[in-house]
Amino acid sequence: RTAIPDVRDFAPSVPVAIADVVHYALRTSPSARYSSAHEMRRALEEAAVGLDTSSDYVAATFRHEMAPRVEGLAARIAETRDAYREAAVISRAS
């Protein structure tokens with residue numbers, strides 16, 4: 001089995017305490033994870049003490065972290081769409 005990557009490798013602005021909660025929740029063995037969603041919520045709340053958790057801040061952080069990935073995905077989708085359209089035109093012309 002491969003090691004679980006650190007969430008901060010994908011989203012560097014995630015605080016260490018939050019990344020630790022995510023990593024704990026993703027452990028391979030179910031018995032080594034949180035026993036309930038309530039337990040994980042409590043851990044996240046404790047990890048978030050002192051952090052700006054306003055919806056505006058969270059939304060801005062998400063946009064900052066995810067925008068490049070979404071833009072790249074959108075470009076690949078557009079390329080695939082264009083290729084299918086071109087293939088359909090060629091197919092109709094045959």
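These remarks concern the structure in this document. (Residues numbered from 1 in each chain as written. Predicted model: local features only at pLDDT ≥ 70, side-chain atom pairs only at ≥ 80, totals over all residues. Heavy atoms only, no water.)

## Here we look at the nonpolar core
Formally: By nonpolar core we mean a set of buried residues, namely Ala, Val, Leu, Ile, Met, Phe, Trp, Tyr and Cys, connected to one another through side-chain atoms within 4.5 Å. Relative accessibility thresholds used throughout: buried, under 20% of the residue-type maximum; exposed, over 50%; partly exposed, between the two (1.4 Å probe, protein chains only). Secondary structure counts use DSSP, requiring at least four H or I residues in a row for a helix and at least two E residues in a row for a strand, with both numbered from the N terminus. Contact criterion: two residues are considered in contact whenever any of their non-hydrogen atoms come within 4.5 Å of each other.
With seven residues, the main nonpolar core is built from Ile18, Val21, Ala25, Tyr34, Ala43, Ala47 and Ala48. Secondary-structure elements contributing two or more residues to this core are helix H1 (16–25) and helix H2 (37–47). Among the elements that make up this core, the one with the highest residue count is H1 (three residues). Here Ala48 is in contact with Ile18 and Thr53, once residues within four sequence places are set aside.

## Regarding the packing of aromatic side chains
For any pair of aromatic rings, the description rests on two quantities: the centre-to-centre distance and the angle between the ring planes. Let me state the cut-off plainly: Here the aromatic set is Phe, Tyr and Trp, taking the six-membered ring for Trp, and pairing holds for ring centres within 6.5 Å; pairs whose planes are under 30 degrees apart are stacked, those over 60 apart are edge-to-face, and all others are tilted.
Inspection of every chain in the model, using the stated rule, returns one aromatic pair. Plain terms: the ring middles of Tyr24 and Tyr34 are 4.4 Å apart, the flat faces sit at 50° to each other, and that makes the pair tilted. Placement of the pair is Tyr24 in helix H1 and Tyr34 in the loop between H1 and H2, with a sequence separation of 10 residues. Judged by relative accessible area, which is 26%, Tyr24 ranks as partly exposed.

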